Amino acid sequence: MKKWMKIGSGVFLGCALAAAGVVLSLLPPRVTSARQRPQPAFNNNAWVASWDEKEGSSEAKEISSQLNSLSYFGGALDSEGNVIVLGPVRQFREEVFPRYKVQVKKYLSVVNDVYTDRAKGTAKLKDTDLLMTLLADAPARKAHMDKLFAAVKDYGYDGLEIDYERVWRNPVVAYRYVKFIQELNQEAEARKVPLRVILEPEVPANTLVFPEGPEYVIMAYNLYGLHTTQPGPKADLAFVDKVMGKVRNLPRPHSIAFATGGCIWTEGEKTRFVTEKEAAALGKQLKAEPQRDEKSQAMVFRGKDKQGRQVEGWYADAQTLRAWKYSALQQQADGISLWRLGGNEKIREYYPGMDRK
């Protein structure tokens, strides 16, 4: 039986726990009593990826007057559960992002990509097997938390961002992860470290007990992509409304994340991600004039390459991102996060009120 059933404090747990033989070791998580830490009235956030730090930081400086925080996407794990940080993490820490009388906070973002050979870049992406061990019980969770906060301190960042994915597919992992968030929140409260928790759209957010304290950020950029054979936008306006509905009962603040760039579908090849600049350049190369899709406000072009193969590209530009943002604001979003900076044509135009060139 795969249904979730309600027990104790309101956490939904699958009967699969019994099959896993862990019923006695897993009690319903409690609602933590940690007070909500001060948050900005509205959080404009963006990610800078470790593999594109230079251009990402350059774009961040263009819009720093509109940002509350930046997240450095470079944290991962090794096969022993140690936190590793890729790319020029210290260089990003030293970057200055000017904003009048307001500090643009820097978060270290950690994802559950597990590197078996860091030198070769060999990793198991979005690995939940290791999480089963790291989050197995209170001592294991405490040890993992200590490593996370140690990384934030060692690298000189202001806050911690957790981006553990695919956790909702297994009820045992899901349970342990929610318990971990509750305990992580209490530890962040004690250490006075701002905490952001990134959630996938399939999170059963309205049926699980999440603590007050973190900023919860739900992704809204996987409507179409590498996982779909049919081309389409990463999000449309209906999808934005649906995703915001998923987090309606989450503790505030809850934010939404949108993606720049898009995907290219080429006949006979694997779908691939592209930045806005790459997508626009490919459209010109194919002499395929991009059009704006009404339902998503995304740009789309269709053409043929030199081999005669059909090519279709969907991507977001500044107008697309503003349309998604306004839709989320109508659903009372407490913040907008942008994945990611780097490779955008006119990043300044994403923020209304700024000079446009």
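Residues numbered from 1 in each chain as written. Predicted model: local features only at pLDDT ≥ 70, side-chain atom pairs only at ≥ 80, totals over all residues. Heavy atoms only, no water.

(A) Representation of the sheet that holds strand 12 (residues 261–266) in the model. The antiparallel open sheet is built from five strands, whose spatial order is 13-12-16-15-14. Each end of this open sheet is capped by a strand with a single partner; those strands are strand 13 (272–274) and strand 14 (291–292). Pairing of strand 15 (residues 299–304) with strand 16 (residues 310–316) involves six bridges; the strand directions are antiparallel. The residue of strand 16 that forms the bridge with R302 is E312. Helix-sheet contacts for helix 9 (residues 318–330) involve strand 14, strand 15 and strand 16, and the interaxial angle to strand 16 is about 55°. (Pairing = 2+ DSSP bridges. Helix = DSSP H or I, 4+ residues; strand = E, 2+ residues; numbered from the N terminus. Contact = heavy atoms within 4.5 Å. Axes fitted to C-alpha atoms, helices over the stretch in contact; angles between N-to-C directions.)

(B) Inspection of the environment of G74 at higher detail. As for its position among the elements, G74 is in strand 4 (residues 69–78). We classify G74 as buried; its relative accessible area is 6%. Sequence separation between G74 and I84 is 10 residues, and the spatial gap between their C-alpha atoms is 8.2 Å. In contact with G74, not counting residues within four places along its chain, are S50, I84, V85, L86 and S109. (Buried < 20%, exposed > 50% of the residue type's maximum accessible area, 1.4 Å probe, protein only.)

(C) Structural view of the packing of helix 5 (residues 138–155) against helix 6 (residues 171–191). Here helix 5 crosses helix 6 at 50°, and the two axes come no closer than 10 Å. Viewed along their axes, helix 5 and helix 6 adopt a mutual orientation that is oblique. Crossing handedness for the pair helix 5 and helix 6: right-handed. Packed against helix 5, whose contacting residues are R141, K142, H144, M145, D146, L148 and F149, the element helix 6 presents R176, K179, F180, E183, L184, E187, A188 and R191 at the interface. A breakdown of the residues in the contact of helix 5 with helix 6 according to their chemical character gives six nonpolar, one polar and eight charged. (Parallel < 35°, antiparallel > 145°, perpendicular 65-115°, else oblique. Left-handed = near helix turned anticlockwise from the far one by under 90°. Nonpolar A, V, L, I, M, F, W, Y, C, P; charged D, E, K, R; others polar.)

(D) Geometry of helix 6. A rise of 1.5 Å per residue sets the reference length of helix 6, with its 21 residues, at 30 Å; its end C-alpha atoms lie 30 Å apart and thus fit the reference within 8%. Among the residues of helix 6, the N-terminal cap falls to N170, whose side-chain oxygen and the backbone nitrogen of V172 are separated by 2.8 Å. With its phi angle positive at about 60°, K192 sits one or two positions after the end of helix 6. (Expected span 1.5 Å × (residues − 1). Polar contact = N/O pair within 3.5 Å; in protein donor to acceptor, adjacent residues only side chain to side chain.)

(E) Layout of the layout of surface pockets. Approximately 1200 Å³ is the volume attributed to the largest pocket. Lining the largest pocket are 40 residues; nearest its centre among them are K126, E165, Y221, F273 and W339. Among the elements of the structure, strand 4, strand 6 (105–117), strand 12, strand 13 and strand 17 (335–341) are those that each provide at least two residues to the lining of the largest pocket. Here the lining of the largest pocket gets four residues from one element, more than from any other, and that element is strand 4. Across the lining of the largest pocket, the residue classes break down as 18 nonpolar, 12 polar and 10 charged. (1 Å grid on protein atoms, 1.4 Å probe; cavity = no way out; pocket = protein on both sides within 12 Å on 5 of 7 lines; lining within 4 Å. Points joined across faces, edges and corners; volume = space filled by probe spheres on them.)

By themselves, these observations are geometric and do not establish any function.
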